[in-house]
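Structural features, examined
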Amino acid sequence: MMRSLAWNTALLLLLMLGFVLSRPRTCDYYCPHVYSPVCGSDGNTYGNSCELSIAACRNPWINLKEVHSGPCGLECFFHCPQVIDPVCGSNKHTYLNVCELSLAVCLSQEGELTMMHKGPCRSDIVEEE
């Protein structure tokens, strides 16, 4: 009798878990009607962060993130290879490679950003004591 009860309980828990996991994601939630554009990592401009969140929920396989506030600039939408060949920018930030620096230059709205030299920026190098 106890074995049958344990078996039935386990079976019921598995059925409940299967029901919960099989339910479709609910991505239909209310966003305020406020136009505050943001640029998504897919190159699309969304009306606000909430709208981008809904798009990310509906398309979880594309790992959609906010790139920056404001509309996307088509000239700045490109993917860089994940090749490690560091370069130092004039803002003293080390970029993974020249492509990543070029993307930062394109997206930068705070003045001129250039490459100072190949290799990591000196301030990013951790010296052993």
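Above this text is the structure in question.
Description of the structure in this document.

Reading the values: the criteria
- Numbering of residues starts from 1 in each chain and follows the order in which that chain's sequence is written.
- In keeping with the model being predicted, local features are shown solely for residues with a pLDDT of at least 70 and side-chain atom pairs are shown and tallied solely at 80 or more, while totals for entire chains, interfaces and linings include all residues.
- Computation of side-chain values: all heavy atoms of the structure, hydrogens and water removed.
- Strands are runs of DSSP state E lasting at least two residues, helices are runs of H or I lasting at least four, and both sets are numbered from the N terminus onward.
- Note on classification: 1.4 Å probe, protein chains only; a residue is buried when its accessible area is under 20% of the maximum for its type, exposed when over 50%, partly exposed between these limits.
- In this scheme, strands are said to pair when DSSP sees at least two bridges between them.
- Here a salt bridge means any side-chain nitrogen of Lys or Arg lying within 4 Å of a carboxyl oxygen belonging to Asp or Glu.
- Along the arc lie the directions from the helix axis toward the C-beta atoms.
- Any two residues whose heavy atoms approach within 4.5 Å at even a single point are treated as in contact.
- Pairs of N or O atoms are called polar contacts if they sit within 3.5 Å, as long as, within protein, a hydrogen donor faces a hydrogen acceptor (for residues adjacent in sequence, only side-chain-to-side-chain pairs).
- The definition used for a disulfide is geometric: two cysteine sulfur atoms within 2.5 Å.

Let us now look at the environment of Leu103. Looking at where Leu103 falls in the secondary structure, it is placed in helix α3 (residues 98–107). On the basis of relative accessibility, which here comes to 17%, the residue Leu103 falls in the buried class.

This part takes up the sheet that holds strand β6 (residues 115–118). Across the sheet, which stays open at both edges, the three strands sit in the order β5-β4-β6 with antiparallel pairing between neighbours. Every other strand in the sheet has two partners, leaving β5 (94–95) and β6 as the edge strands with one partner each.

Backbone hydrogen bonds are what pair the strands of a sheet, in a parallel or an antiparallel way. In spatial order, the strands read β2-β1-β3; together these three strands make up an open sheet with antiparallel pairing. Edge strands, defined here as strands with exactly one partner in the open sheet, are β2 (45–46) and β3 (66–69).

Right, let's talk about the pattern of salt bridges for a bit. Going through the model one piece at a time under the given rule, you end up with two salt bridges. We note a salt bridge from Asp85 to Lys118, for which the minimum N-O separation is 3.7 Å. Pair noted here: Asp85 is in the loop between β3 and β4 (87–89) and Lys118 is in strand β6, with a separation of 33 residues, a long-range link. Take Lys118: its relative accessible area is 54%, and that puts it in the exposed class.

For α3, the complete set of buried residues consists of Leu101, Leu103 and Ala104. Along the axis of α3, the buried residues cluster in a sector spanning 160°; they form a single face. Against β4, β5 and β6 lie the buried residues of α3. Capping of α3 at its N-terminal end is provided by Asn97; its side-chain oxygen lies 3.1 Å from the backbone amide nitrogen of Cys99.

Another aspect to go through is the state of the cysteines. All chains considered together, the criterion is met by five disulfides. Cys27 shares a disulfide with Cys57; S-S distance 2.0 Å. In this structure the cystine formed by Cys27 and Cys57 twists about its S-S bond by roughly -70°; its chirality is therefore left-handed. Of this pair, Cys27 sits in the loop between α1 (2–22) and β1 (38–40) while Cys57 is found in helix α2 (residues 49–58), placing the two residues 30 residues apart along the sequence. With a sulfur-sulfur separation of 2.1 Å, Cys80 is cross-linked through a disulfide to Cys99. Sign of the S-S torsion, about -80° for the bond between Cys80 and Cys99, identifies this disulfide as left-handed. Of the two residues, Cys80 sits in the loop between β3 and β4 while Cys99 sits in helix α3, which places them 19 residues apart along the sequence. By relative accessible area, which is 13% here, Cys80 ends up buried.

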